[in-house]
Amino acid sequence: ILGVVISPIVARLMGKYDARILAFIGLVGMAVVMGWRAMFTPQISFGSMVPVQLAQGAFMPLFFIPLMSIALGDIKQHEMAGASGLLTFARILAGAVAASIVTTMWENEATHMRATIVGGLDNGGASAMDAMTANGMGHAQAATALDAMIHGQAVMLATNQMFAIMAPAVLCASALLFFTHKPA
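Residues numbered from 1 in each chain as written. Predicted model: local features only at pLDDT ≥ 70, side-chain atom pairs only at ≥ 80, totals over all residues. Heavy atoms only, no water.

## Things to note about the overall build of the chain
For clarity, the cut-off: Helix and strand assignments come from DSSP, with helices taken as H or I runs of at least 4 residues and strands as E runs of at least 2, each series counted from the N terminus. For the radius of gyration, the atoms used are the C-alpha atoms, and the globule rule reads 2.2 Å times the number of residues raised to 0.38. A simple rule labels every residue: compare its accessible area, found with a 1.4 Å probe on the protein chains alone, to the largest value its type can have, and call it buried under 20%, exposed over 50%, or partly exposed in between. Only heavy atoms matter for contacts: two residues are in contact if any of them lie within 4.5 Å across the pair. In summary, the charge assignment counts Lys and Arg as positive and Asp and Glu as negative, without counting His or the chain termini. Lys charges are placed at NZ, Arg charges at CZ, Asp charges at CG and Glu charges at CD.
When its secondary structure is counted, the chain shows 6 helices and 0 strands. For a compact globule of 184 residues, the expected C-alpha radius of gyration is about 16 Å, and the chain comes in at 22 Å, more than 25% above that figure. When its C-alpha atoms are laid out on the principal axes, the chain stretches across 75 × 30 × 25 Å. Across the 184 residues in the chain, those meeting the buried criterion constitute 28%. When contacts within the chain are restricted to residue pairs at least 6 apart in sequence, those whose partners lie at least 24 apart make up 76%. Across the chain, the centroid of the 8 positively charged side chains sits 22 Å from that of the 8 negatively charged ones.

## Describing the nonpolar core
Nonpolar side chains in soluble globular proteins generally cluster together in the buried interior. Inclusion rule: Remark: nonpolar core denotes a set of buried residues (Ala, Val, Leu, Ile, Met, Phe, Trp, Tyr, Cys) joined through side-chain atoms within 4.5 Å.
Of all hydrophobic cores here, the largest spans 19 residues; its most connected members are Val 10, Met 14, Leu 27, Met 34, Val 170 and Leu 177. Mapped by element, the contributors of at least two residues to this core are α1 (2-14), α2 (19-37), α3 (46-72) and α6 (139-175). When residues in this core are grouped by element, the largest group, 7 residues, is from α2. Those residues within four positions of Leu 177 in sequence are excluded, and the remaining contacts are Arg 20, Ala 23, Phe 24, Leu 27, Leu 67 and Ile 70.

## Notes on helix α4 (residues 80-120)
The condition that has to hold: How far a helix is expected to stretch is found by multiplying one less than its residue total by 1.5 Å.
Helix length check: α4, at 41 residues, gives a terminal C-alpha distance of 58 Å against a target of 60 Å (1.5 Å per residue), a fit within 8%. The inward-facing, buried residues of α4 contact α3 and α6.

## Concerning a nonpolar patch on the surface
Note the following rule: Two distance rules govern patches: like charges are joined within 9 Å, and nonpolar side chains (Val, Leu, Ile, Met, Phe, Trp, Tyr) within 5 Å, applied only to residues with over 30% relative accessible area and no salt bridge. Calculation of accessible area relied on Shrake-Rupley with a 1.4 Å probe; when residues are assessed, cover is drawn exclusively from the protein chains displayed. For this analysis, a salt bridge means a side-chain nitrogen from Lys or Arg found within 4 Å of a carboxyl oxygen belonging to Asp or Glu.
On the surface, a cluster of nonpolar side chains totalling about 660 Å² of accessible area is made up of Leu 86, Phe 89, Leu 93, Val 97, Ile 101, Met 105 and Ile 165. At 6 residues, the largest contribution of residues to the nonpolar patch is made by α4. Relative to the helices and strands, Phe 89 resides in helix α4. Using a relative accessible area of 51% as the deciding quantity, one classes Phe 89 as exposed.

## Looking at the side chain of Asp 18
With respect to the helices and strands, Asp 18 occurs in the loop between α1 and α2. For Asp 18, the residues in contact, after removing those within four places along its chain, are Lys 182 and Pro 183.

## Regarding the packing of α1 against α3
Think of two packed helices as two axes; the pair is described by the angle between the axes and how far apart they sit. Put simply, the rule is: Only the stretch in contact is used when fitting a helix axis, every axis being a line fitted to C-alpha atoms; angles between N-to-C directions are given from 0 to 180 degrees. For any pair of crossing helices, the crossing counts as left-handed if the nearer helix is rotated counterclockwise from the farther one by less than a right angle, and right-handed if it is rotated clockwise. Each residue is assigned to one of three groups, with Ala, Val, Leu, Ile, Met, Phe, Trp, Tyr, Cys and Pro labelled nonpolar, Asp, Glu, Lys and Arg labelled charged, and all others, Gly among them, labelled polar.
Their axes nearest at 8 Å, the elements α1 and α3 cross at an angle of 35°. Between α1 and α3 the crossing geometry is right-handed. In contact with Leu 2, Gly 3, Ile 6, Ser 7, Val 10 and Met 14 of α1, α3 contributes Leu 54, Gly 57, Ala 58, Pro 61, Leu 62, Ile 65, Pro 66 and Ser 69. Of the residues belonging to the contact of α1 with α3, the class tally is 10 nonpolar, 4 polar and no charged.

## As for the packing of α4 against α6
Counted only if it meets this: The scheme is simple: roughly parallel for angles under 35 degrees, roughly antiparallel for over 145, roughly perpendicular for 65 to 115, oblique for anything else.
Two elements in contact, α4 and α6, have axes separated by 8 Å at closest approach and are oriented at 130°. Judged by the inter-axis angle, α4 sits oblique to α6. Every pair of crossing elements has a handedness; the one defined by α4 and α6 is right-handed. Across the contact of α4 with α6, the residue classes break down as 15 nonpolar, 4 polar and 3 charged.

## Description of the environment of Gly 125
Summarising the element assignment, Gly 125 is placed in the loop between α4 and α5 (126-134). Measuring from C-alpha to C-alpha, the distance between Gly 125 and Thr 159 comes to 24 Å, with 34 residues separating the pair along the chain.

## Observations regarding the side chain of Glu 109
Within the secondary structure layout, Glu 109 lies in helix α4. Although Glu 109 lies buried, it forms no salt bridge, and the closest oppositely charged side chain, Arg 114, sits 14 Å away as judged by the N-O distance. Apart from residues no more than four positions distant in its own chain, Glu 109 is found in contact with Ala 158, Gln 161 and Met 162.

## Notes on the environment of Leu 157
Here Leu 157 shows up in helix α6. Taking the C-alpha atoms as reference points, Leu 157 and Met 113, 44 residues apart in sequence, are found 6.9 Å from one another.

Purely geometric stuff here, so don't read any function into it on its own.
Dropping the structure here:
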């Protein structure tokens, strides 16, 4: 929602400020949001996620619009269609490759976290199973509930780990903006 509202504001700011500074602010803001997301727990409420999503929406146009301006800034008018198409292709391809890498890392981390959690259980979770069966669950039902709890915790820990890795990576990448030319 905020991305739609902020986009025209960013377009106006582009005429007043260096696009590299706006993109830098956007990337730093995204890194902060990623750091914020790295602290989520499985019990997070919808209301607690809303400010994070709104902040992310606010920072997206702050880096996306200026980066497109920087990338296409020196292109001649008659080459703009081809350059824009090539940039779109490169952006989509890079996004797909990055999504594949992050998804693989995330899944591997979830598997590792699951093994760590299960390894930390006493007797394979016997006391947890005993507590659940003592409260009326059948053995199969208790095993399914314990498995679901372990899976949820493992996925949440893996998600937090991915955001904890991405936040400083985006922060470091934001400094690279100042090695680009100043847009006209």
